[in-house]
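Spelled out from the first residue to the last, the chains are:
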Amino acid sequence: MKPIFNFKFLIFNFQFLIAFLFHFNLIAQQNDSIIKLPPLNAKRIQNIDVKHIALDLQFDWNKKQAFGTATITLSTLLATDKINLDAGMLTINSIKLADGTSLKFDYDGSDKNDALTVNLNRNYKANEELIIKIDYHTNYVNNIDPLSLSGSLGKGLRFSQPTSNDPLKPKEIYSVGDPESNRYWLPCYDAPDDLRTTEFTATVDKSLAVISNGTLVNTKINSDGTHTMYYKMNTPYSNYLTAFVISEYVDVVQNFEGVTLHNYGYAKEKDAIETTVVRLPDMMQYFSQATGVKYPYANYSQTFVQDVGTFVSNTTFSTITENMVDDYGTHADFFYLWDLTEAEALAQQWFGSYITAKDWSHAWLNKSFAHYFNCLYNEQKNGCEEFLMFQHAAYDIPSYFGDWSAGYRHPIVTQHFENTASFTGDNYATFRGSLVLHMLRKQLGDEKFWQAMQLYVKQNGNKLVTTKDFQNAVEKASGEKMDWFFQQWIYKMGHPVFEVTQNYDETKKQITINIKQTQTIDTKNEYPQSDYFKGKMIIEIDGRLEQITIQAKPENIYTFDNQTKPGFINFNFENTWICETTFEKTFDELINQLQNSKDILARQSAVVALADIAKDEKTTEENKNKIKIEFRKVVMSDAYWRLRAAAIFQLRALTASGIFKMDDETISMLLAGIKKDESWTRAALINFLGTTKDEKYVDIYLNALNDKSDRVINTAAIALGKTKSAKAFDALSKLVDKPSMKSQSLLCALSGLKELGDPRGYDIAYKALSDLTLPRWRLPDFSIWDYRVFAVQLIASLGKSHDAFPVVFERFKKSMNENDVEGIFNNVILIINLADPRGKEAFELLKTKFKNDTKLISAINNYEAQFMEAIKK
């Protein structure tokens, strides 16, 4: 199952792509009442120390249950006659000691109470060891979130197998434990502060592979067509990192300095897996060198799984979305996304597994560190401009400010939070924390930063840590007291709001820069906050870099010698500081900044600011023309492709709105760029040219349909459709049959046919919707979902929804009968796109079937509202 709007086939639009990829957390605005501190999540009181867990499981695919035993070796920390474990909606059949003595237990197995109290056979002394064996089966079913059909995580075990709606769906199970979800598939002490070893034994059909923590010790072939796979992990690790995946896999093996690297994926995608994972050894080498500690385990595995949104990192292996697996051309276009998904999952082997946060208030030590090391790998592998434009400015900064603007505010480290899963998975634990690490690097300088980081890793391997441990390493390596830094950025919430002005004194030949901090304390929020902020900052004056030290006070004033009035001043070079800034600049200063800044982000911001000026009715035609000329210069320059793409986007938007004309110079720019550019920028230029709808460019589009990049093919197909050329239908029909990974050729063809509006496109769309063309055009993959969505959109655009509705509704009813939640809501999306009034019946059936499930009813109401809007149009 793939995303509803597959970004691989969107018309290239730089800002839209960025907005689509980046996870803004849309949180409801808070009301005017004071936001009280959430409850204190103090460290959990332990009465046991778990030493080892041995799991022996089998699986009932029809009931979606795991069943078997958990043998737990533990010692009591205090004298006691009972112990407490966590068990989420399990059925406990029996609990026995190693000698077979049965133990009584208190447990109701409900979703309201997951406490399992085991009554021991006597009073045990402190530090006395015992072994208990629990016979149990699971009950919680981790269905995909109906509002996140592109992939989600949930908790516990997710079962998957072919259905009537998706007959190509692989048979697989995977577990999710982060942060406190393993209790839904094994009885355990479900907190991060208890490290223990594990054994994992699973008996499954011989066609299935099992992957779990540690090393595969042996595989036993059974007489009933099953085999039993046995894993052992001898290095203690945290409970939430215990996991497994079961699927129909092949193993693509690599090696890094004696460490075996396994890449488990679907057999039909073996060649693509080899292409996709090519950088994994390089990533492992980088993280080993950067941390000063070689990868700390004997092996590492990646398992590619459908229905996972991004990834889950577990000790010695990661569960990663199968969306990452692509052929060479596609992966080359998306290296910045999927390679960095892979890198971040790997980085958590150091930050999360090798070094583990002692409690969830310090979750950033796992999440932010792994994310920032992902950024660091990107920077060294793909360049600083790629890191700055893709991750830093377009992902991390907006993610944090999206939450802040929506009123979701708290320090990175606090014991006051409502929900563990939300707190550890939010944008503070990952993105703000990563931004803070980047500021720390700039504050200390690279040499001291790396000394601190390597000291931290080497001192704390296989240990539980708090933020104080990291601060100690920073202070020892740098020789500086850093309490002020950790207080203002880690333990307190907020950021500075700067108001910057400048003045040039012709007589003294001096520039004066006035920096005011105008932020105010949020009196409606009880979390600790900083009044003012301090630290080192770099500013740029006509390409010259100057370091200043901002003091924690309302106003800072700096003077610099300069023989002439500066052409531009760039405050907060490379957007290093987390801050909001008001700094008014003249038209000429913005032009100078675009032309001459050493900061790619300053140049990008100049593009945006100049586009806003062009939209202003008060702007003269002369200045509008200057903006147009400068944007064209950027497009035709050797500037980094993302900056050029930003200029293309603004030119296209301003042309579409009538502010700029599609003149000969712009056409010449587009034609020249299409000849020399590749992939994203070529796609953007074709998309821009396609807005002319001019048939004289048909040959350009036809030629681009043979491009090696599907991004280019998609935009060419759409542009070709817009021309309404007599050549278009035959060309797009042939594109349907072009072999491609994950139905990309078909998706491109359907997009082009929608623009073309030729009624003959209905037959192609109907066959795709009905899977009738499946054998002809598919290379082995599983992406049924994408082309069905594109097919119904084309059908609806041709006014043929009435004819196609029965196909979708029949699939919907079959999914209802099979209790296939994913299939049900996949077809709901199609019903919405078709906008056939008969779809009302589907919502009535849904509300009857799921009347007692509040979560699903909420999703149903959401989709029904979309459907009612759709049928009004």
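Reference entry: report on the structure contained in this document. (Residues numbered from 1 in each chain as written. Predicted model: local features only at pLDDT ≥ 70, side-chain atom pairs only at ≥ 80, totals over all residues. Heavy atoms only, no water.)

1. Re the packing of helix H9 (residues 427-444) against helix H12 (residues 483-491)
(1) Moving on: Across the interface, H9 lies against H12 with an axial gap of 11 Å and an inter-helix angle of 160°. When the axis of H9 is compared with that of H12, the two are roughly antiparallel. By crossing handedness, the relation of H9 to H12 is classed as right-handed. Two secondary-structure elements touch here, H9 through Arg-432, Val-436, Met-439, Leu-440 and Gln-443 and H12 through Trp-484, Phe-485, Gln-488, Trp-489 and Ile-490.
(2) Moving on: Partitioned by chemical class, the residues of the contact of H9 with H12 number seven nonpolar, two polar and one charged. (Axes fitted to C-alpha atoms, helices over the stretch in contact; angles between N-to-C directions. Helix = DSSP H or I, 4+ residues; strand = E, 2+ residues; numbered from the N terminus. Parallel < 35°, antiparallel > 145°, perpendicular 65-115°, else oblique. Left-handed = near helix turned anticlockwise from the far one by under 90°. Contact = heavy atoms within 4.5 Å. Nonpolar A, V, L, I, M, F, W, Y, C, P; charged D, E, K, R; others polar.)

2. Quick look at the environment of Asp-81
(1) Moving on: Topologically, Asp-81 is positioned in strand E3 (residues 80-86).
(2) Moving on: Judged by its relative accessible area of 39%, Asp-81 is partly exposed.
(3) Moving on: As a C-alpha pair, Asp-81 and Asn-366 span 285 residues in sequence and 36 Å in three-dimensional space. (Buried < 20%, exposed > 50% of the residue type's maximum accessible area, 1.4 Å probe, protein only.)

3. Notes on the sheet that holds strand E5 (residues 104-106)
(1) Moving on: Reading across the sheet, the three strands line up as E3-E6-E5 and stay open at both edges, with antiparallel pairing between neighbours. Because the sheet does not close on itself, it has two edges, and the strands there are E3 and E5. On average, each strand axis in the sheet is tilted by 30° relative to the strand beside it, whichever way the strands run.
(2) Moving on: Direction of pairing for E3 relative to strand E6 (residues 115-124): antiparallel, over a ladder of six bridges. Its bridge partner being in E6, Thr-80 is matched across the sheet by Tyr-124. (Pairing = 2+ DSSP bridges.)

4. Digging into the pairing of strand E22 (residues 497-505)
(1) Moving on: Bridging between E22 and strand E28 (residues 580-582) involves three bridges; their strand directions are parallel. Note that in E28 the partner of Glu-499 across the bridge is Thr-582.
(2) Moving on: Bridge count between E22 and strand E23 (residues 510-517): eight bridges; the pairing is antiparallel. Note on E23: the bridge partner recorded for Tyr-504 is Ile-511.
(3) Moving on: The hairpin formed by E22 and E23 contains four residues between the paired strands, and Lys-509 there has a positive phi angle of roughly 55°.

5. Structural notes on helix H20 (residues 710-723)
Each full turn of the α-helix corresponds to 3.6 residues, which orients residues three or four apart in the same direction.
(1) Moving on: An ideal rise of 1.5 Å per residue puts 20 Å on 14 residues; H20 measures up with 20 Å between its terminal C-alpha atoms.
(2) Moving on: For H20, the N-terminal cap is Ser-709; the gap from its side-chain oxygen to the backbone nitrogen of Arg-711 is 3.2 Å.
(3) Moving on: Count one or two residues on from H20 and you reach Lys-724, which has phi positive near 60°. (Expected span 1.5 Å × (residues − 1). Polar contact = N/O pair within 3.5 Å; in protein donor to acceptor, adjacent residues only side chain to side chain.)

6. Here we look at the pattern of salt bridges
(1) Moving on: With the rule as written, the count across this model stands at 41 salt bridges.
(2) Moving on: Here Glu-630 ties to Lys-633 by a salt bridge, and the two come within 3.4 Å at their closest N and O atoms. Here Glu-630 pairs with Lys-633, and both are found in helix H15 (residues 621-636), just three residues apart, close to one helical turn.
(3) Moving on: On the accessibility criterion, Glu-630 (10% relative accessible area) is buried. (Salt bridge = Lys/Arg side-chain N within 4 Å of Asp/Glu carboxyl O.)

7. Observations concerning the sheet that holds strand E18 (residues 311-314)
(1) Moving on: The five strands are arranged E15-E16-E17-E19-E18 in an open sheet whose pairing can be described as mixed. Unpaired on one side and paired on the other, strand E15 (249-256) and E18 mark the two borders of the sheet. Across the sheet, the axes of successive neighbouring strands diverge by a mean angle of 15°, strand direction being ignored.
(2) Moving on: As defined by bridge partners, strand E17 (residues 299-305) adjoins strand E19 (residues 317-321) across five bridges and the pair is classed as parallel. Each bridged residue has a counterpart across the sheet, and for Phe-304 the counterpart in E19 is Ile-320.
(3) Moving on: Helix H3 (residues 280-291) contacts E15, strand E16 (259-266) and E17 of the sheet and is inclined by roughly 45° relative to E15.
(4) Moving on: Contacting E17, E18 and E19, helix H5 (residues 335-347) crosses the sheet at an angle of about 155° to E19.

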